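A closer look at the structure
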Amino acid sequence: DEETNDLLVVAPIEDTPAFQAGILAKDVIVEIDGQSTEGMDLNEAVNLIRGPVGTNVTLTIRRETTAGVETQAVELERARIEIHPVRYSQQAGPDGQVGYIRLTQFSANAAEEMEEAINDLESQGVVGFILDLRSNPGGLLYSSIDIARMWMGEGTIVSTVDRRGIVDEQIADNHALTELPLVVLVDGGSASASEILSGALQDNDRAVLVGTNTFGKGLVQSVRGLGDGSGIAITVAKYLTPSGRDINQEGIAPDVVLELSEAQREALAEDRTQIGTPADPQFAEALSILSREIAGETVASPRASTN
């Protein structure tokens, strides 16, 4: 965290030990195997958390809840992490079959897998799409741009701005794979590249966003080496959505706000097969809104005004 220097979890990646143990977005890691993280840099923390497959590490985390601030120790069993960023399926909707795509990370193969998912679901005759970016901590910028172009035929995707002004602008290239209605699920764990994609789709009126405010991570940083072998991360630019909104710390406000209760969150964590089904309250709301979009109804947006 830029202001407090806390070690802040952006989001646990699905199907990893942290996810299975119940680590949540915006948890603060205060100890690693009993060692305080106060003043610890990120690389040192990563080195302490990583280790041989099958060994254990205990993270003490601080979490803000409706009942107040809680601290708890969570034991993780280390595992080899292999990420397949895209999962997709068909779900029954009131107007026909809906394509559900869950994107967990913007890795090097995310765009290729996304293209395959869209084309396969289109060929099966779905009537609309729900794209799930919840707990997606981001990843590669070019991956988010490639994926945005699959959904958008035209329009600006993202601008990179430094202290002198706009230094780069990415736009759609008229090669969208589908024009079917789209609803996007976001939450506090949707960060960085997730925010670039969701902001582009929202500002270009290509999708309706459902869920809760995103994380707010939109800085471009350069790491410079120092003479003693250490380094310093310097913020050199920031990302703006097409309408000029600053992503950093503000995040993206969804068009339809629906927060899960702690009980609902726990139920989905205990039975992950419910994610992306009618038993998932945010998905159920997205399905209802998609039906309205298919019928040609407009969903009002509370999005922030252009800066």
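Just above, that's the structure.
As the structure is a computational prediction, the values presented were derived from the model and not from experiment.

1. Observations regarding empty space enclosed by the protein
As enumerated under the stated definition, the model contains one cavity of 30 Å³ or more in all. As a volume, the largest cavity reaches approximately 30 Å³. Taken together, G93, P94, D95, G96, V98, L287, L290, S291 and I294 make up the lining of the largest cavity. Of all the secondary-structure elements, those providing two or more residues to the lining of the largest cavity are strand 7 (96-103) and helix 7 (281-294). If one sorts the elements of the lining of the largest cavity by residue count, helix 7 sits on top with four residues. Here the lining of the largest cavity is composed, by residue class, of five nonpolar, three polar and one charged.

2. Re a negative patch on the surface
A cluster of acidic side chains, namely E70, E262, E266 and E270, defines a negative patch on the protein surface. Here the element with the most residues in the negative patch is helix 6 (residues 262-270); it accounts for three residues. Inspection of the secondary structure assignment puts E70 in strand 5 (residues 68-77).

3. Concerning the side chain of E195
Note on placement: E195 falls in helix 5 (residues 193-203). In this structure, E195 is buried with no salt-bridge partner, the nearest side chain bearing the opposite charge being K217 at 7.6 Å. For E195, the side chain forms a polar contact with the main-chain nitrogen of S192, separated by 2.7 Å. One polar contact links E195 to T214, side chain to side chain, over a distance of 2.7 Å. Dropping the residues within four chain positions of it, E195 is found in contact with S190, T214, F215, G216, K217, I247, G251 and I252.

4. Focus on the pattern of salt bridges
Applying the stated criterion to the full structure yields nine salt bridges. The salt bridge partner of D132 is R134, with a shortest N-O separation of 2.8 Å. The same class applies to D132 as to R134, namely buried. In this structure, the salt-bridge partner of E297 is R292, at a minimum N-O distance of 3.6 Å. Put simply, R102, D132, R134 and D280 are held in one network by salt bridges that share partners.

What counts, and at which threshold
- Residues numbered from 1 in each chain as written.
- Predicted model: local features only at pLDDT ≥ 70, side-chain atom pairs only at ≥ 80, totals over all residues.
- Heavy atoms only, no water.
- 1 Å grid on protein atoms, 1.4 Å probe; cavity = no way out; pocket = protein on both sides within 12 Å on 5 of 7 lines; lining within 4 Å.
- Points joined across faces, edges and corners; volume = space filled by probe spheres on them.
- Helix = DSSP H or I, 4+ residues; strand = E, 2+ residues; numbered from the N terminus.
- Nonpolar A, V, L, I, M, F, W, Y, C, P; charged D, E, K, R; others polar.
- Patch = residues over 30% accessible without salt bridge, like charges linked within 9 Å, V, L, I, M, F, W, Y side chains within 5 Å.
- Areas by Shrake-Rupley, 256 points an atom, 1.4 Å probe, with all protein chains shown as cover.
- Salt bridge = Lys/Arg side-chain N within 4 Å of Asp/Glu carboxyl O.
- Lys, Arg positive; Asp, Glu negative; His and termini not counted.
- Charge placed at Lys NZ, Arg CZ, Asp CG, Glu CD.
- Buried < 20%, exposed > 50% of the residue type's maximum accessible area, 1.4 Å probe, protein only.
- Polar contact = N/O pair within 3.5 Å; in protein donor to acceptor, adjacent residues only side chain to side chain.
- Contact = heavy atoms within 4.5 Å.

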